[in-house]
Amino acid sequence: MLTATKANALLRLLYAVYTKGMCSSSELAHELGIHEGLLRRMLMTLVEGGYLQRVTGECAQRCGSCSLQQICLAPDSAIWIVTEKGRRALQAYIR
């Protein structure tokens, strides 16, 4: 069951993803004051609920010679995009 406290924490995470743009999971975890393992579980909950979409990198292990190495998504990295459903939830949360 999703309690009000858990829902608030998920909305705080959704808001952080929406407002921060690109940042690492450790930065998000630090900002929210939670452990990275909990952050990963929360992100997956938001994905499963349709509030976030995960975009993964398609690196073929050629990073060493790539000029975009510093901004490239490594195979185990992801960018999180707030979906339309997530934006509607944020609009209701911010009001």
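Look up: the structure comes first, before these words.
These numbers come from a predicted model, not from an experiment. (Residues numbered from 1 in each chain as written. Predicted model: local features only at pLDDT ≥ 70, side-chain atom pairs only at ≥ 80, totals over all residues. Heavy atoms only, no water.)

Visitor: Let's hear about the nonpolar core: which residues, and what values?
Guide: In this structure, L13, L14, V17, L39 and L52 are the most contacted members of the largest nonpolar core, which totals 16 residues. If you list the elements that add at least two residues to this core, you get α1 (4-20), α2 (25-32), α3 (36-48) and α4 (84-94). Ignoring any residue separated from it by four or fewer positions in sequence, one finds L52 in contact with L14, V17, L43, L46, V47, W80, I81, V82 and T83. (Core = buried A, V, L, I, M, F, W, Y, C linked by side-chain atoms within 4.5 Å. Buried < 20%, exposed > 50% of the residue type's maximum accessible area, 1.4 Å probe, protein only. Helix = DSSP H or I, 4+ residues; strand = E, 2+ residues; numbered from the N terminus. Contact = heavy atoms within 4.5 Å.)

Visitor: Outline α2, supporting the account with residue identities and numerical values.
Guide: Within the sequence span of α2, burial applies to L28, A29 and L32. The arc that holds every buried residue of α2, seen down its axis, measures 100°, which confines them to one face. If you follow the buried residues of α2, they end up packed against α1 and α3. Following α2 by one or two positions, G33 has its phi on the positive side, about 70°. (Arc of directions from axis to C-beta.)

Visitor: Run through the pattern of salt bridges, naming residues and quoting values.
Guide: Across all of its chains, the model carries 3 salt bridges by this definition. Across the pair E31 and K20 runs a salt bridge, and its minimum N-O distance is 3.2 Å. With E31 in helix α2 and K20 in helix α1, this pair connects stretches of sequence that are 11 residues apart. By relative accessible area, E31 is classed as partly exposed at 40%. Among the salt bridges present, the one from E84 reaches R88, with a minimum N-O distance of 4.0 Å. With E84 and R88 both in helix α4 and 4 residues apart, the pair spans about one turn of that helix. (Salt bridge = Lys/Arg side-chain N within 4 Å of Asp/Glu carboxyl O.)

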